[in-house]
Amino acid sequence: MFCENCGTQLENNAVFCTNCGAKTDVVVNSASPANLIQQIRKIIAIVAGVILIFALIIANSSDPMDKALDKMETAIVRMEKLRKKSNENKIDQATFLSEYTKMMKEIKESQELIDGYDDSEISLEQWQRILNLGQRAYQLN
């Protein structure tokens, strides 16, 4: 593209001549309100997506202690339900023993994870959960 006033070669998107300052025929896109709203929506969608990704990353990278406590709590709840079924004679002895053995294995694995954790890194809430779950597990024996 060349300046119509002085003939200087210009970049294709130049609005003014770099030599004489004359205005060129390049039309600058002015954002219409509809385009502006559409661009804002795109930006909001991108930001929301990034926030969602970070939330998922944080949720999936939770503390190993919390994961071990969750696993133990799940096993204890299942064990409590199994005990209730047994007390109500709603389960046969072989099924009870099989399920009991599986759940005790899960509790033991969770306990090993908890025991291997550095005590100084355990929060007060985690200590409270450990004590609560320990009491519940003890009542099952």
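Before going into details, it helps to say that this report is about the structure given with it. (Residues numbered from 1 in each chain as written. Predicted model: local features only at pLDDT ≥ 70, side-chain atom pairs only at ≥ 80, totals over all residues. Heavy atoms only, no water.)

### Focus: the nonpolar core
Reasoning step 1: Core analysis: the largest hydrophobic core is formed by 18 residues, its most contacted members being M65, I76 and I114.
Reasoning step 2: Among the elements of the structure, α2 (64–87), α3 (93–115) and α4 (124–140) are those that each provide at least two residues to this core.
Reasoning step 3: With eight residues, α2 is the largest single contributor of residues to this core.
Reasoning step 4: Setting aside residues up to four positions removed in sequence, I76 forms contacts with I107, L133, R136, A137 and L140.
Reasoning step 5: Counting residues in each nonpolar core, the second largest holds five residues, with L10, A14, C17 and A22 among its members. (Core = buried A, V, L, I, M, F, W, Y, C linked by side-chain atoms within 4.5 Å. Buried < 20%, exposed > 50% of the residue type's maximum accessible area, 1.4 Å probe, protein only. Helix = DSSP H or I, 4+ residues; strand = E, 2+ residues; numbered from the N terminus. Contact = heavy atoms within 4.5 Å.)

### Remarks on α4
Reasoning step 1: For α4, spanning 17 residues, the distance from its first C-alpha to its last is 25 Å, which sits close to the expected 24 Å at 1.5 Å a residue.
Reasoning step 2: Those residues of α4 lying buried are Q126, I130, L133, R136, A137 and L140. Along the axis of α4, the buried positions cluster into a sector of 135 degrees, meaning they face one direction only. α4 presents L124, L131, Q135, Y138 and Q139 as exposed residues on the side facing more than 90 degrees away from its buried surface.
Reasoning step 3: On the buried face of α4, the contacting elements are α2 and α3. (Expected span 1.5 Å × (residues − 1). Arc of directions from axis to C-beta.)

### Notes on the environment of N5
Reasoning step 1: You can see N5 is positioned in the segment before α1 (33–60).
Reasoning step 2: With 14 residues separating them along the chain, N5 and N19 place their C-alpha atoms 9.8 Å apart.
Reasoning step 3: Those residues in contact with N5, other than ones at most four positions away along the chain, are C20 and A22.

### As for the packing of aromatic side chains
Reasoning step 1: A full pass over the atoms with the stated rule returns one aromatic pair.
Reasoning step 2: Judged by centre distance (5.7 Å) and plane angle (25 degrees), the ring pair of F96 and Y100 falls under stacked. Separated by four residues within a single helix, F96 and Y100 lie in helix α3, roughly one turn from each other.
Reasoning step 3: For F96, a relative accessible area of 11% puts it in the buried group. (Phe/Tyr/Trp six-rings, centres within 6.5 Å; stacked < 30°, edge-to-face > 60°.)

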